[in-house]
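# Chains, contacts and geometry: an overview
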Amino acid sequence: MAGIKGLGTAHTYDGSNLRVGIIHARWNTKLIDALLQGSLKSLKAAGVREENIVIQSVPGSYELPYAVQRMFVASQSQASSSGAAGLLTSATDLLSQSTGDLMSLPKDSSASKGTDAAEGKNTGPFDAIIAIGALIKGSTMHFEYIADAVSHGLMKVQLDTGCPVIFGLLTLLTEEQGLERAGLDAAGKGHNHGEDWGAAAVELGAKRKGWG
Ligand code: DLZ
């Protein structure tokens, strides 16, 4: 019998004109890689173009709120006509390069045009950003402090910026819980939560355009 948890009835949202950022931590790489791939899978399934997905990484989950905030501001600056290059450079320099970067923030000075209809490339501010991390509880209070700080930090960033931030932080008591939630468990009963995060980014990104 199906469980009660999950996204519920699937609605289809068009991601073809959305620009989506992904910031992922590098701690617990095996989980992160699978979750990242899951997010990319559902973004692409919803029509988000590869050239409109920007991926960056940071060392650990604690860095996620700051990185999301800077990434959004950099994309906003890029989309405005003045001072974009300097801000963009300094913001991206502060972020570590992803082990699996597909692309970096484009430095095209025509960014103020927003979506380039001819190419389908969106150079406007991000419509949504997915923050991906995996915290595994240890024997000290470290886990509790980071989980609390990151949860509140990500909420603050989305309310302060108006850019939807998808909460892709797994707070795990065991490694096995992580494998299940990344769809990597030996029994094959798990589910890759990254797929849900990609779908949530498209839904919130599309709705945000309507909400203004
Ligand atoms: C230090 C640390 C520890 C112990 N565990 C994790 C973890 O399970 N997941 C994670 O994403 N990051 C961890 N970190 C690193 C912190 O998030 C952070 O990168 C460092 O404390 C530096 O600010």
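Residues numbered from 1 in each chain as written. Predicted model: local features only at pLDDT ≥ 70, side-chain atom pairs only at ≥ 80, totals over all residues.

## Let's talk about the overall build of the protein chain
When helices and strands are tallied, the protein chain shows six helices and six strands. For the protein chain, with 212 residues in total, the buried portion stands at 42%. Across the protein chain, the fraction of contacts at a sequence separation of at least 24, relative to all contacts at a separation of at least 6, is 78%. (Helix = DSSP H or I, 4+ residues; strand = E, 2+ residues; numbered from the N terminus. Buried ≥ 20, exposed ≤ 12 C-beta atoms within 10 Å, placed from the backbone. Contact = placed C-beta atoms within 7 Å.)

## Considering the packing of helix α2 (residues 64-79) against helix α4 (residues 142-161)
Packed helix pairs are specified by the crossing angle of their axes together with the interaxial distance, meaning the distance between the axes. Remark: α2 packs on α4, axes separated minimally by 8 Å, with the N-to-C direction vectors making an angle of 15°. It follows that α2 is roughly parallel to α4 by the angle criterion. Both α2 and α4 take part in a crossing whose hand is right-handed. Contacts from L64, P65, V68, Q69 and F72 of α2 reach α4 at V150, G153, L154, V157 and T161. Across the contact of α2 with α4, the residue classes tally to seven nonpolar, three polar and no charged. (Axes fitted to C-alpha atoms, helices over the stretch in contact; angles between N-to-C directions. Parallel < 35°, antiparallel > 145°, perpendicular 65-115°, else oblique. Left-handed = near helix turned anticlockwise from the far one by under 90°. Nonpolar A, V, L, I, M, F, W, Y, C, P; charged D, E, K, R; others polar.)

## Quick notes on helix α1 (residues 29-45)
An ideal rise of 1.5 Å per residue puts 24 Å on 17 residues; α1 measures up with 24 Å between its terminal C-alpha atoms. Among all positions of α1, only L31, I32, A34, L35, L36, G38, S39, L40, S42 and L43 are buried. Tucked inside the fold, the buried residues of α1 contact β1 (20-25), β2 (53-58), β5 (128-136), β6 (165-172), α5 (175-181) and α6 (193-211). Remark: G47 follows α1 within two positions and exhibits a positive phi of approximately 100°. (Expected span 1.5 Å × (residues − 1).)

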